Every structure is written in C-alpha cells, then in structure tokens.
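# Summary of structural features
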Amino acid sequence: MAENRRAAQFSPLTRARGWLRNPWGRPRFLVVVTWAYVLWSIVPVLIAVQFSFNATRSRTIWQGFSTRWYWGDPVDSVWHDPTLRHALVQSFKLAGADVIVAVPIGVLLALGLARWHGRGAGTSNFIMLFPLVTPEIVMGVSLLLIFTQVFTIVGTGTFAQLLGHVTFSISYVVVIVRGRLFSIGRQYEEAAADLGASPAVALTRVLLPLLTPAIVASAAVVFAISADDFVISSWLSSGGGTDTVPIRIYSATRAAPLPSVNAIATIMMIVTLLSVTLGFLTWRAFTRDERGQKTDDLGALGL
Amino acid sequence: MARGEIELVTLTKEFADVTAVDGINLDVPAGEFFSLLGPSGCGKTTTLRMIAGFEQPTSGQILLDGTDVAYTPPHQRSVNTVFQNYALFPHLNVFDNIAFGLRRTKRPKDEVKQRVGEALELVQLGGYEKRKSSQLSGGQQQRVALARALVLNPAVLLLDEPLGALDAKLRKALQIELKALQQEVGITFLYVTHDQEEALTMSDRLAVMNGGQIEQIGAPRDVYEDPETLFVADFLGVSNLMDAQVVSAAADGCRVAVDGFELETRGSDTAVMGAAKIVVRPERVELEEHGAPEGPNRLPGMVERLVYVGSAVQIMVRAATGETLQALVQNTGAAIPFDQGTPVQLHLPADALRVLPAPAD
C-alpha cells in the first residue's frame, strides 16, 4: 500500500511520460505506423474498386451503385466490350499456361540445384536469382530482340508472351520449392531409401507429398505475377488480340477511361487475391503437422 | 547360420578437407549389441552412415554376412536405421509409416496389417495406428521409428543416437527397454552414441572412437576398468590423471614414482617404461583420516572442495604431489568426516591404478 500512495504523488506530466516510456507496454507507436501504412496502401485500391460500381461514366464523382460496368452496359461493360473481354481471356490464358509450364520445370530445377554439390552448383544457384533482380524492361527488350532477330520462328504474340512469362516465373518456383527442400532436409529421403524405396519411389511417395505445399504456393504466386505482368507482355505483344488486362488498362487510361477499366482491374485483383489466398491456405493446411518444430520457410521468404 | 554379422575392413571415408573415418577394422558377430562411442566428430556417425549406405566409402570393405555391400545402394541393403531425429514421414500416420517398408516389398495387405500390428505391440504402442507423428511425444516417436525399422526384420539394426533428444529419465527407461528388446528379437544392434553411460549400460561390447580411429574395443567392464589409452580413460567417465615415472615393471605389477612418492600398481602393461601417466577412477580413491596408519600407496593431501551430487559426494583433494584428485564417496546418509581445508590421507589401491603410456608430443 505504501507503494501505491507514493505513486499517487507523481505529477500528471510524469505519469504521462511514464505511460509513453513504459517498456512493458504495447508498442503503440509501431501499431500506429503499421496501420497508417496499411491505410495508405489500401485506400487508393478501395477507391478504384468503389468507382467500378459507379452508376455514371464518371471515375471521380460517386453517383450511386450499379453493376453496369461489369455486365449491365450493352456496349462499354467488361462483358460486352470485346477488347476488354478479350484482354481478360488473354491474361488468364497466359497465367494458366504459365503455371502449367513453369511449375513443373521449376520443381525439377529446384530438385536438381538443391541436390547438386559439384562444380558450378553455386554459380547456377546464383544465376537462378537473376530474373528476380533483372529490371523487367531489360528482360523484355532482350526477349523481343531474341524472338524477332534470332529465333524468328517465335516472333511476337501469345507464344512469345508465354515464353517470356515462363522465363521469369521459373525463378519464383525455384526459390520457393528450394526453400522448402532445404527445410525438409535429406532425412526423409534417406529414411525412405533405408526402408527399401528406390530413388524414384522416394521421390513420388515421400518428397513430392512433402513438397506439395510449396508447389501449390508457387503455382499461386506464378499465376498472380503472370496476371499482373505488364512490361514483358507488352514488349512481346503483337497488338490487338494479344493485349492483356494490364496493357488494356494502360492504353485505356491514356485515352478516355470509363469505370469499366476499374471493373476489369477489380476482377483481376480479386482473382489474383483468390489464387494467392488459396495457395497460402493450402500451405497452412499441409504444414500444420510440422509447424512449431520448424520455422515457417514461406514466412522466411516474406510471402 | 545366424544372420547379421558385420565386418569392416580398413574402412575409410575422406571428405573434401577431412578424413572422417581412417581405416577402421571391426568385427561384430551376429546378435550382438555393439556400440560405437566417441565425441562428436570422431567418425562414429559417418561409419554408421556408410553401413546404412548413405555415404560411399573412399576405400575399404563393409561385409554383411560375408558379402561386401560397400557399393550397394541403401534401398537394397538388409539393414535398417533408427535416425537421431526419427525422420518419421510427417505426411503419413503411424500405421503408414511402419507399413512403408513392407509396401515396398509388395507384401499382401493382410500380412502388412498383421506385421504392423505386431511391431506396434512390440514397442507397446498398440492402438496408435491412426495418429500423426506430430501427435506423439518424443518417446513415442522414438518407438514408432524403432517399429518402422524392426518390422522389416533386418539383419542389422543401426541406431544413431536414438535417445539423444529425450529427457534424462525417459532415456534411462528406454535404455533398459532397448536392451530387452534387442535380446528378444536377437537382431544385431549397432548403436552410435556419445553418452558413455548409455554405451556401458546397454552394450555387449563397444568400440571407443577418436579422430576417425578406434581406440579400444571390448566389453563395457574391460574398457572402463582397463582403458588402454589416455583418451579412453578420460572419455569413459571422470579419471584422475597423474604424471609418473615407471621405476620397475614386472608381470605382476610395477612400481611408479610420482613426485617423490612411490606407488605400486598391479597388472599393468609392462612394456611402458620411463615417463607415463597413471589413472585412477574417483570411486576407487579411498580417503582416510589424517593421522591414520601409513602404508603403501598412501599420499597426504588437503580437502579443497566438497560437491554434493545427490547419490554421492565428490571430494576434491589436493595431493602432496600437486595434482588435484577427485574422490567419489557414496551418500549413505552418514556425515562425511572431511571438511574443506582439512588434511586427509589418500589411499590409491594398487589394483585401482592403471599405468598408461604418456602421449608422445
């Protein structure tokens, strides 16, 4: 009680200072900074989404809720405007094909690189990271040159775009899958071999099931970055039919944009979010039994 | 013929910058509980991994029942391993973990079910078939790992510090269980550990390894009581070491001089002459009160410190020769008649003293 009575004698200023400086208190300042950042980054997106539901042609003045820019408007809605609809199809076609091609190749590369300890292993591991740090515009220009000057059979268009997307997507798959491989370690493969499993059986019965979360997660990431990509799709586009959503949005906003541009962006965002959420949930579900013993290697990647 | 005999012939493993195993020879008869004991980095685990097939020897032979398996891939060897951290497949439940090996040999479903059941009964985990390995305690995971290896009825079971991750009490209980299990199934157990007590408790015989080589092979009692090298004496429990000069040596014992005091030893290596080390175990050092009748092998000393360890009391005594010797007195409940800083008389019985060659340096 004597302690309490003495505490009551502190001036309000001292107590306020004490409240601020209390090292055992919650990190209030950090909480404020965090939420300020979250708001700053999400509010513009939310406003863009809001105006995709605007009832009029304005993208700045709110005049009531409507879905006309999605399918209601017989001419300019995403559903009825052939350029927008085609761009949506092109984007998802590219992203889907990218996942189908890049993920298997990336998984095999990750397996190879993680198990290869000979000469050149370090170098190739390092080179795998190049596409992650190379400016996209550089990669786009280089690919365009190669496809139009060297391998002229490729040219420009959907196939060239797919090759471009696969080129930079593989690195993401490799990084994610290899992270998982390192956290799994060699022990399960050794245990499988010890119990009589040939290398092929060890791969299909032990390693691939354990890699599933990383494979699903990397597929989600590849889908998302492929759908988001502007620079490479644009360089390798042959115009018109091969324009993707980002290209469409870019050219539309330079002319006279309608809220349908907001609508198509919203659709892209939702699909991308869904794919990443799906990947994340799969990862969580598959690694639930292991968590607590190991650090979350996806978390270590900052994903 | 009983199966499960292992013979290592000048087995060597060199990694890029270090020789992990340096030409060891070893013969383990079928059905023996044999331990490889040594500090970390002594090559014991590498030896085990070569027998399992995870490492390829640089040279030498691994004979399993007379056949060299050194270049056989691991999945074709009839040895199974209990891993240090168990390596239970996290995506499979207990039943599927244990059935994994049986399914590789394409056994009929009924047989798989029956043998997995038997293996689980053997390790006292009946009814745990549907659990995931993450739902098991460390001790239970260890048993599943054991069942998974034993269900294949291997010629040799390799155990890589399987009790290392468990707490002391559980470890003690499982030591006794493992030994009983080994006697029940009659399979050769090759056990790798750095814990000298574990090796002494369970093994029929053991090899003490150091720096990629075997220092000594023998029954636990022989290795503990009759260490052949300083390393073995030091690694197997606490040893008191003293510098000495061998004065005379004969078949029935020798006389050594330690800083002006002469001690008798019995049954030592008579080949050692000149500078040597003498070794005595703390539990063999006897303390007598100051002023007790003098006799052979007695030294005056001063009690430096008393350390209570529960079942015993460690008494550090500074001998007149300058060395500090440790004596272990069993805690019988009676008061210890020696106080810190008081003089005392040390008795080092002749049959407790070992003379070892001093390290050449």
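Residues numbered from 1 in each chain as written. Chains lettered and ligands numbered in written order. Predicted model: local features only at pLDDT ≥ 70, side-chain atom pairs only at ≥ 80, totals over all residues.

Scanning chain B for helices and strands turns up eight helices and 20 strands. The principal-axis extent of the C-alpha atoms belonging to chain B is close to 80 × 45 × 40 Å. Residue pairs at least 24 apart in sequence account for 65% of intrachain contacts in chain B once pairs closer than 6 positions are excluded. (Helix = DSSP H or I, 4+ residues; strand = E, 2+ residues; numbered from the N terminus. Contact = placed C-beta atoms within 7 Å.)

Time to look at the pairing of strand β19 (residues 343–347) of chain B. All names here are of chain B. Where burial is concerned, the two faces of β19 differ: the one with Val-344 and Leu-346 is buried and the one with Pro-343, Gln-345 and His-347 is not. Judged from the four bridges that link them, strand β15 (residues 286–289) and β19 form a sheet pairing that is antiparallel. Each bridged residue has a counterpart across the sheet, and for Glu-286 the counterpart in β19 is His-347. Inspection of the sheet shows strand β16 (residues 298–308) paired to β19 by five bridges, in the antiparallel sense. Paired with Pro-300 across the bridge in β19 is Gln-345. (Buried ≥ 20, exposed ≤ 12 C-beta atoms within 10 Å, placed from the backbone. Pairing = 2+ DSSP bridges.)

It is worth spelling out the nonpolar core at this point. One broad rule of soluble globular proteins: the nonpolar side chains tend to lie buried together. Ranked by size, the top nonpolar core spans 150 residues in total, and within it Val-173, Val-177 and Ile-264 of chain A together with Leu-190 and Ile-278 of chain B carry the most contacts. If you tally residues by element for this core, the top one is helix α11 (residues 199–228) of chain A, at 15 residues. Residues contacting Val-173 of chain A, with those up to four places away along its chain left out, are Ala-102, Val-103, Gly-106, Val-107, Ala-110, Ser-218 and Val-222 of chain A. (Core = buried A, V, L, I, M, F, W, Y, C linked by C-beta atoms within 7 Å.)

Residues and elements named next belong to chain A. Looking at chain A, pLDDT values average 86 and 92% of them are 70 or higher. The lowest-confidence element of chain A is helix α15 (residues 297–300), averaging 45 in pLDDT; the highest-confidence one is helix α10 (residues 187–194), averaging 93. Here residues 292–303 scores under 50 on pLDDT; set against residues more than four positions off or in separate chains, the count is 13 contacts. (pLDDT = per-residue confidence, 0-100.)

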